[in-house]
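Chain by chain, the residues:
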Amino acid sequence: VVGPVSVALLAQAVAVLIDDAISRRPRVKIAFNVAQYTVTVMAAHTAYSPVANEPVFGPYNIFDDNPLELGGPLVAAFVFLLVNQALVSTVVSLASEQQIRTVFVQDLRFQAMTAGVLSILAPVAALVVQAQPLMLPMLIAPVAAVYNSARLAVAMGRQASHDALTGLANRELFRERAVKA
């Protein structure tokens, strides 16, 4: 939101590398994740720039807490969500031989919940960085809580509609789909 896009790209790449290393993901997945977030952050920043009347490759900018300036971060969050979801859905659908649309819609609820709350926190983080940069780590706990809550809600929804042993759809999901059809 406030810094040069190079700083955002570097921060995202470092965060992904650390998370993927801790999770012991294969190098191919690590490379994909870094590339995916690089493309996603660049797309979001490119969408943000004209709305916020800022250059795409500009210097650090002071974030004004004027409500009219929240359009840029909201557009960026929406683009981030869609581009990230499209990239991941494409790879998952190719690997699982499912339709891209099906994969895209299945994970969209989780991603939208997470991205929505994080989008609301982005201007808060920008103001914290400007006022007291050393306070920024204090936002880690709420961000982690948002992510874990959304992940848990999606997992519980899946658990209610799928057999725990086989992972296949249960009678309740069959009934819902039959009624819908």
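Residues numbered from 1 in each chain as written. Predicted model: local features only at pLDDT ≥ 70, side-chain atom pairs only at ≥ 80, totals over all residues. Heavy atoms only, no water.

Novice: Describe the confidence of the model for the protein chain, and please don't skip the residues or the numbers.
Specialist: Detailed reading of the predicted model is not advised wherever pLDDT is low. Averaged over all residues, the pLDDT of the protein chain equals 81, while 92% of them reach at least 70. Summarising per-element confidence for the protein chain, the mean pLDDT is lowest in helix α5 (residues 140–161) (77) and highest in helix α2 (residues 27–52) (88). (pLDDT = per-residue confidence, 0-100. Helix = DSSP H or I, 4+ residues; strand = E, 2+ residues; numbered from the N terminus.)

Novice: Lay out the packing of helix α1 (residues 5–22) against α2 in plain terms, naming residues and giving numbers.
Specialist: Interaxial distance between α1 and α2 falls to 9 Å at its minimum, and their mutual angle equals 155°. By the angle between their axes, α1 is roughly antiparallel relative to α2. Once α1 is placed against α2, the crossing between them reads as right-handed. Between α1 and α2, the contacting residues are Val5, Ala8, Leu9, Gln12, Ala13, Val16, Leu17 and Asp20 on the first element and Lys29, Ile30, Asn33, Val34, Tyr37, Thr38, Val41, Met42 and His45 on the second. Residue classes in the contact of α1 with α2 are distributed as 11 nonpolar, 4 polar and 2 charged. (Axes fitted to C-alpha atoms, helices over the stretch in contact; angles between N-to-C directions. Parallel < 35°, antiparallel > 145°, perpendicular 65-115°, else oblique. Left-handed = near helix turned anticlockwise from the far one by under 90°. Contact = heavy atoms within 4.5 Å. Nonpolar A, V, L, I, M, F, W, Y, C, P; charged D, E, K, R; others polar.)

Novice: So what's going on with the pattern of salt bridges? Residues and values would help.
Specialist: Tallied over the entire structure, the rule returns 3 salt bridges. One salt bridge in this structure joins arginine 25 and aspartate 19, with 3.3 Å as the shortest N-O distance. Residue class for arginine 25 comes out partly exposed when judged on its relative accessible area of 33%. Residue aspartate 19 is classed as partly exposed on the basis of its relative accessible area, which comes to 40%. Salt-bridge contacts for arginine 25 lead to aspartate 20; the nearest nitrogen and oxygen are separated by 2.6 Å. (Salt bridge = Lys/Arg side-chain N within 4 Å of Asp/Glu carboxyl O. Buried < 20%, exposed > 50% of the residue type's maximum accessible area, 1.4 Å probe, protein only.)

Novice: Break down α2 for me, citing the residues and quoting the values.
Specialist: Given a rise of 1.5 Å per residue, 26 residues ought to cover 38 Å, and the 37 Å separating the end C-alpha atoms of α2 matches this to within 8%. Within α2, the full set of buried residues consists of Ile30, Asn33, Gln36, Thr40, Val41, Ala44, His45, Ala47, Tyr48 and Ser49. Against the buried residues of α2 lie α1 and α3 (71–96). (Expected span 1.5 Å × (residues − 1).)

Novice: Explain the packing of aromatic side chains to me, and be specific about the residues and the numbers.
Specialist: Counted by the stated rule, this structure contains 1 aromatic pair. Consider the rings of tyrosine 37 and phenylalanine 80, whose centres lie 6.2 Å apart with planes at 25°: the pair is stacked. In this pair, tyrosine 37 sits in helix α2 while phenylalanine 80 sits in helix α3, placing the two residues 43 residues apart along the sequence. A relative accessible area of 22% means that tyrosine 37 is categorised as partly exposed. Given the relative accessible area of 24%, phenylalanine 80 is considered partly exposed. (Phe/Tyr/Trp six-rings, centres within 6.5 Å; stacked < 30°, edge-to-face > 60°.)

Novice: Let's hear about α3: which residues, and what values?
Specialist: Between its first and last C-alpha atoms α3 spans 37 Å; for 26 residues at 1.5 Å apiece the expected length is 38 Å, and the two agree. Buried residues belonging to α3 abut α2 and α4 (100–131). Count one or two residues on from α3 and you reach glutamate 97, which has phi positive near 60°.

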